[in-house]
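Here are the chains, one letter per residue:
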Amino acid sequence: MHGTGKLLFAAAITLLAILFTDPLFAADADTWRQIRHGAEGYSAVQGRESGMLIQSTGQDWRLLRNGPIAVLGAWGLVLTLLALGGFFLLHGRIRLDAPRTGITVPRWSVYERILHWTTAILFLLLMCSGLLLLYGRETLLPLLGHGAFSSLAAAAKTAHNYSGPLFIVGLLLMLIAWLGDNIPTAVDRQWLKSLGGVTGDRHASAGRMNAGEKGWFWLLMLAGIAVSISGLILDFSNFGQPRSLLQISHVIHSVSALLLSAGALGHIYIGSIGTEGALEGMTTGRVDTTWAEQHHDLWYEQLGRREKKS
Ligand code: HEM
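Source: prediction; values computed, not measured.

## Topic: the site of the ligand
Right, so step 1: R107, H116, N182, E213 and H267 are the nearest of the 24 residues found near the ligand.
Right, so step 2: Between the ligand and W108, the relevant distance is 3.1 Å, taken from an oxygen atom to a side-chain nitrogen or oxygen of the residue.
Right, so step 3: The contact in question runs from an oxygen atom of the ligand to an N or O atom on the side chain of E213, over 2.3 Å.
Right, so step 4: When residues of the shell around the ligand are traced back to their parent elements, those giving at least two are α4 (110-139), α5 (141-178), α7 (211-235), α8 (243-274) and α9 (278-284).
Right, so step 5: Residue composition of the shell around the ligand, by class: 16 nonpolar, six polar and two charged.

## Things to note about the packing of aromatic side chains
Right, so step 1: For the coordinates displayed, the defined rule picks out four aromatic pairs.
Right, so step 2: Between F88 and Y269 the ring centres are 6.3 Å apart and the planes differ by 85°, which places this aromatic pair in the edge-to-face class. Of this pair, F88 sits in helix α3 (residues 57-91) while Y269 sits in helix α8, and the two are 181 residues apart along the sequence.
Right, so step 3: Ring geometry for F123 versus F167: centroids 5.9 Å apart, planes at 55°, classification tilted. Remark: F167 occurs in helix α5 and F123 occurs in helix α4; sequence separation between them is 44 residues. As far as the burial class goes, F123 and F167 line up, both buried.
Right, so step 4: The positively charged end of R107 is found above the aromatic ring belonging to W299, 4.7 Å away from the centroid.

## Focus on the environment of A206
Right, so step 1: The residue A206 is located in the loop between α6 (186-193) and α7 in this model.
Right, so step 2: Put simply, A206 and E293 are 87 residues apart on the chain and 9.5 Å apart in space, counted from C-alpha to C-alpha.
Right, so step 3: Contacts of A206, omitting those with residues within four sequence positions, involve V187, W191, H295, H296, D297, L298 and W299.

## Some details on a nonpolar patch on the surface
Right, so step 1: Taken together, the side chains of V71, W75, V78, L79 and L82 make up a nonpolar region of the molecular surface, amounting to roughly 510 Å² of accessible area.
Right, so step 2: Its place among the elements puts V71 in helix α3.

## Concerning the layout of surface pockets
Right, so step 1: Approximately 1000 Å³ is the volume found for the second largest pocket.
Right, so step 2: What lines the second largest pocket is a set of 33 residues, among which L133, H160, L234, H250 and H253 lie closest to the centre.
Right, so step 3: For the lining of the second largest pocket, the secondary-structure elements that each account for two or more residues are α3, α4, α5, α7 and α8.
Right, so step 4: Residue composition of the lining of the second largest pocket, by class: 17 nonpolar, 12 polar and four charged.

Rules used throughout
Residues numbered from 1 in each chain as written. Predicted model: local features only at pLDDT ≥ 70, side-chain atom pairs only at ≥ 80, totals over all residues. Heavy atoms only, no water. Near = heavy atom within 4 Å. Polar contact = N/O pair within 3.5 Å; in protein donor to acceptor, adjacent residues only side chain to side chain. Helix = DSSP H or I, 4+ residues; strand = E, 2+ residues; numbered from the N terminus. Nonpolar A, V, L, I, M, F, W, Y, C, P; charged D, E, K, R; others polar. Phe/Tyr/Trp six-rings, centres within 6.5 Å; stacked < 30°, edge-to-face > 60°. Buried < 20%, exposed > 50% of the residue type's maximum accessible area, 1.4 Å probe, protein only. Lys NZ or Arg CZ within 6 Å of the ring centre and 35° of its normal. Contact = heavy atoms within 4.5 Å. Patch = residues over 30% accessible without salt bridge, like charges linked within 9 Å, V, L, I, M, F, W, Y side chains within 5 Å. Areas by Shrake-Rupley, 256 points an atom, 1.4 Å probe, with all protein chains shown as cover. Salt bridge = Lys/Arg side-chain N within 4 Å of Asp/Glu carboxyl O. 1 Å grid on protein atoms, 1.4 Å probe; cavity = no way out; pocket = protein on both sides within 12 Å on 5 of 7 lines; lining within 4 Å. Points joined across faces, edges and corners; volume = space filled by probe spheres on them.

In structure tokens, the structure reads:
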């Protein structure tokens, strides 16, 4: 027999031997079913999951991530943008209903403003890089091509992994700084009933934070804690977490991040083009007394009383 022929013959015999002796190759449907349900066997993987032959929940996770999470998330963000656009078209900007007095009062300290803008920038970086990782394949890859998209996705992943822990610090500092102002009170019920004055003929009363701001604060804290804990589990996956825990964390992480992104779009709209005079409070630290009286009358009264005392 020719040399090459001998080699092929030997390879074929070896393959046949493997097929008839290896239990995996000889396995019937029942064996595969048992493996899918967690039956252990030998695999060359070292470490925590060494006996696992098939990690079946990986497929469930993949279908959930690429199906309901990505699709409902995209719809949620699009509908939020449409609702904000619609509100703007119907109501326009919420303007001051009396002329400015030119007298301003302090609303946000330097510390509060640095904390707000640092955390906001980190949040926006996380939101953009996170959305790129979730939707980039479908949206940017066809536009940029494989080379440019893979560099961008790698940069987004690095930015996401490093800014996550810093955002958690900002979140905790915000919790400490503003928890006291965000405890729900009876005044908030009235505010919510009139949708902050949109449905009534006068502005709803509010303390330093109105019910809308309190809603954003609590969404930020609760979804923020969920996004942070799940993010840390994903970020530091070198602590031996099993893949099933990483998959559950990923689902919690993406759902809470999508909720936060929709909430942030609403907050950014109301805090910028939506309300005349709000942004200058968070940039200069002071607001006109007309704005203070119109949007936060109870806080303004309290401020006046405090000033008279001192
Ligand atoms: C870049 C876009 C943003 C703009 C234009 C903006 C604007 C504002 C403004 C004007 C206020 C003060 C409202 C008032 O005086 O009553 C405010 C408060 C606040 N912002 Fe933002 N913001 C932005 C992004 C963010 C982000 C991304 C976060 C989340 C990390 C955030 C979290 C907060 C919180 C927690 C408050 C205090 C409200 C409360 O405690 O209830 N902001 N923002």
